[in-house]
Amino acid sequence: MDYMNEYKKIADEFALVGEVADIRPYGEGHINLTLLVTTTEKRYIMQKMNTRVFPDSDGLMANICGVTEHLKARGIETLSVVPTKAGAPYLKGEECYRVYDFIENTVTYQTATDIDVFRNSGKAFGEFQNYLAEFDASKLTVAIKHFHDTPKRFRDFKAALEADAFDRAKDCKEEIEFILSHENTYGIAMDGLKDGSLPLRVTHNDTKLNNILMDEKTGAARAVIDLDTIMPGSMLFDFGDSIRFGASTAAEDEKDLTKVHFDINLFKAYAEGYCGAVKNSITKREAELLPYGSYLMTIECGMRFLADYLSGDTYFATKYEGHNLVRCRTQIRLASEMEAQFKEMGKIIDEILA
Ligand code: ADP
Ligand code: GN1
Ligand code: MG
């Protein structure tokens, strides 16, 4: 596709410095179309917003503007929304677009190749949790209801299986069986939020390693990004989702499952960073459930990938047929290895918080 031709007119609607010189796809996000826009003066990220996933664009952008202003007021580096020439926070139309300043001299990782970088990301997500604790939750629109409600995700999965609209269930019997057979493990986090034994916090909810920008030279965390899913939730979601993605020895879409393992040393490094940052606010019950939260976010993501595969790949961006099934398989492999190591994980958390 000729991205320049396709998107230059859109980019010109924004208050950019310089003339648009190049537009190309960028990054590995599964939800928005992310474009790198280079002008004669500087670089920007422009995104075609996924309005099917996030239908309330006004509410979504109000959340992002509110949270980024809150962070900036505290001197914390974050996304900077570039307004349209008309002064709006995003371009509204049949398709919606937004622009951020490109945060230079940073990188995102698709796997935790460096244990110190992963520890740094844990510290940064923990600190991010602390900053969000000061944010007034009543100012937030819930962008996606039931986002980490695993029992609801399981019901959606079963509906997709029942429909089997693309006749694909026959290709993934083992995976379906794994998800169905673990039903009794899906409720603990939601039950805890409901009965008050787990505190409801403002959380990021999508804390994978490629949603944080790391300094390309020092490996320190620079900015937490992808703020679309900031909503009330549990600390288990943020801790768990990072472990799901980053404490694996392989990429989320590695086809060769013999390469995919849950790495307890990566778990320990992340936990050191994260728990070190939240040690003054984490409750005893949250700490106890961090290992379970890691497993839960992993199997939940697995059932979401599988449900999307069964439904014809309409939610997550895919690069080939079967991509979502490949992703589901890595999540199942990781979840089953985590299940077998709850005790060791618990011991690590206890030692860090002792
Ligand atoms: P998605 O919701 O589709 O995951 P993201 O907002 O996470 O989209 O953006 C996708 C990728 O683009 C990120 O993983 C990151 O590599 C890159 N990115 C996004 N925003 C910026 C930014 N402001 N500066 C530099 N890189 C960015
Ligand atoms: C999506 O937007 P992105 O690519 O950072 C998804 C997450 C999943 C993740 C799996 C809004 O994250 O929930 O865990 O893919 N985001 C949304 O990689 O559904
Ligand atoms: Mg992302």
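The structure presented is a predicted model; accordingly, all values stated were derived computationally and were not measured.

Colleague: Residue-level account of the sheet that holds strand E8 (residues 212-215), with values.
Modeller: The strand order across the open sheet built from three strands is E6-E8-E9, with neighbouring strands paired in antiparallel fashion. What marks the edges here is a single partner per strand, and that holds for strand E6 (106-107) and strand E9 (221-224). In this sheet, E9 lies alongside E8 in antiparallel orientation, the contact comprising three bridges. Residue pairing for E9: Ile212 is matched across the bridge by Val224. Sitting on the sheet, helix H3 (residues 115-133) is in contact with E8 and E9, with an inclination near 125° to E8.

Colleague: Kindly report on the layout of surface pockets, identifying the contributing residues and their values.
Modeller: What the largest pocket holds in volume is close to 800 Å³. Taken together, 45 residues make up the lining of the largest pocket; nearest its centre are Gly29, Asn210, Asn211, Ile225 and Asp226. Every element with two or more residues in the lining of the largest pocket is listed here: strand E3 (43-48), strand E5 (97-101), E6, helix H7 (235-246) and helix H9 (284-310). Among the elements that line the lining of the largest pocket, the one with the most residues is H9, at five residues. Looking at the lining of the largest pocket residue by residue, the class counts come to 19 nonpolar, 14 polar and 12 charged. Each pocket or cavity is described by its volume, and for the second largest pocket that value is around 400 Å³. Of all the elements in the fold, those that place two or more residues in the lining of the second largest pocket are strand E2 (33-39) and helix H10 (323-339). Counted by class, the lining of the second largest pocket contains seven nonpolar, nine polar and five charged residues.

Colleague: Before we move on, can you summarise the coordination of the magnesium ion (ligand 3) with the specific residues and values?
Modeller: Coordination of the magnesium ion (ligand 3) by the protein comes from Asn211 (OD1) and Asp226 (OD), over a distance range of 2.1 to 2.2 Å. Within this pair, whereas Asn211 is found in the loop between strand E7 (201-203) and E8, its partner Asp226 is found in the loop between E9 and strand E10 (231-233), the two being separated by 15 residues in sequence.

Colleague: Tell me about the pairing of E8, and name the residues and values.
Modeller: Here E8 shows two buried faces, one formed by Ile212 and Met214 and the other by Leu213 and Asp215. Bridge analysis of E6 against E8 gives two bridges, and the strand direction is antiparallel. By the bridge assignment, Val107 is partnered in E8 with Met214. With antiparallel pairing between neighbouring strands as the criterion, E8 and E9 make up a hairpin whose turn holds five residues, including Gly219 at a positive phi of roughly 80°.

Colleague: Can you break down the pattern of salt bridges residue by residue, with the values?
Modeller: What the rule picks out here adds up to 26 salt bridges. Of the charged contacts, one joins Asp116 and Arg119 as a salt bridge, the two residues approaching to 2.7 Å between their closest N and O atoms. Taken together, the residues span about one helical turn, with Asp116 and Arg119 both in helix H3 at a distance of three residues. The class for Asp116 is partly exposed, based on a relative accessible area of 42%. Taking the shortest distance from any N to any O, the salt bridge between Asp156 and Lys152 comes out at 3.1 Å. Separated by four residues within a single helix, Asp156 and Lys152 lie in helix H4 (residues 150-163), roughly one turn from each other.

Colleague: Tell me what's going on with the side chain of Thr298, and back it up with residues and numbers.
Modeller: Tracing the sequence through the fold places Thr298 in helix H9. The exposure class assigned to Thr298 is buried, which follows from its relative accessible area of 0%. For Thr298, the contacting residues outside a window of four places in its chain are Arg244, Gln331, Leu334, Ala335 and Met338.

Colleague: Describe the site of ligand 1, naming the residues involved and giving the relevant values.
Modeller: Asn32, Gln47, Ile103, Asn210 and Asp226 are the nearest of the 19 residues found near ligand 1. Interatomic distance of 3.0 Å between a backbone N/O atom of Asp101 and a nitrogen atom of ligand 1. Within the backbone of Ile103, one N or O atom sits 3.0 Å away from a nitrogen atom of ligand 1. With the chains in place, 97% of the 550 Å² that ligand 1 exposes on its own is no longer accessible. Under a 2 Å grid-point criterion requiring more than half of the atoms, the pocket assigned to ligand 1 is the largest pocket. Secondary-structure elements contributing two or more residues to the shell around ligand 1 are E3 and E5. Residues of the shell around ligand 1, tallied by class, amount to nine nonpolar, eight polar and two charged.

Colleague: Break down the environment of Pro55 for me, with residues and values.
Modeller: Its place among the elements puts Pro55 in the loop between E3 and helix H2 (57-73). Between the C-alpha atom of Pro55 and that of Cys301, which follows or precedes it by 246 residues, the distance is 21 Å.

Colleague: I'd like a rundown of helix H5 (residues 173-181), residues and numbers included.
Modeller: All buried positions along H5 are accounted for by Glu175, Ile176, Phe178 and Ile179. Buried positions in H5, seen along its axis, are confined to an arc of 160° and lie on one side of it. Turned more than 90 degrees from where H5 packs its buried face, Lys173 and Glu174 sit exposed. In this structure, the buried residues of H5 make contact with H4, H9 and H10.

Colleague: So, the site of ligand 2: which residues are in play, and what are the values?
Modeller: Around ligand 2, the structure places 18 residues, and the nearest of them are His30, Lys208, Glu252, Arg304 and Tyr315. Glu252 places a side-chain nitrogen or oxygen 2.6 Å from an oxygen atom of ligand 2. The fraction of the free accessible surface of ligand 2 (440 Å²) that becomes covered by protein chains is 98%. Put simply, the parts of the chain that give the shell around ligand 2 at least two residues each are H7 and H9. When its residues are assigned to classes, the shell around ligand 2 shows seven nonpolar, four polar and seven charged.

What counts, and where the lines are drawn
- Residues numbered from 1 in each chain as written.
- Chains lettered and ligands numbered in written order.
- Predicted model: local features only at pLDDT ≥ 70, side-chain atom pairs only at ≥ 80, totals over all residues.
- Heavy atoms only, no water.
- Pairing = 2+ DSSP bridges.
- Helix = DSSP H or I, 4+ residues; strand = E, 2+ residues; numbered from the N terminus.
- Contact = heavy atoms within 4.5 Å.
- Axes fitted to C-alpha atoms, helices over the stretch in contact; angles between N-to-C directions.
- 1 Å grid on protein atoms, 1.4 Å probe; cavity = no way out; pocket = protein on both sides within 12 Å on 5 of 7 lines; lining within 4 Å.
- Points joined across faces, edges and corners; volume = space filled by probe spheres on them.
- Nonpolar A, V, L, I, M, F, W, Y, C, P; charged D, E, K, R; others polar.
- Donors = N, O, S within 2.8 Å, 3.2 Å for Na, K, Ca; no water.
- Buried < 20%, exposed > 50% of the residue type's maximum accessible area, 1.4 Å probe, protein only.
- Salt bridge = Lys/Arg side-chain N within 4 Å of Asp/Glu carboxyl O.
- Near = heavy atom within 4 Å.
- Polar contact = N/O pair within 3.5 Å; in protein donor to acceptor, adjacent residues only side chain to side chain.
- Areas by Shrake-Rupley, 256 points an atom, 1.4 Å probe, with all protein chains shown as cover.
- Sits in = over half its atoms within 2 Å of the grid points.
- Arc of directions from axis to C-beta.

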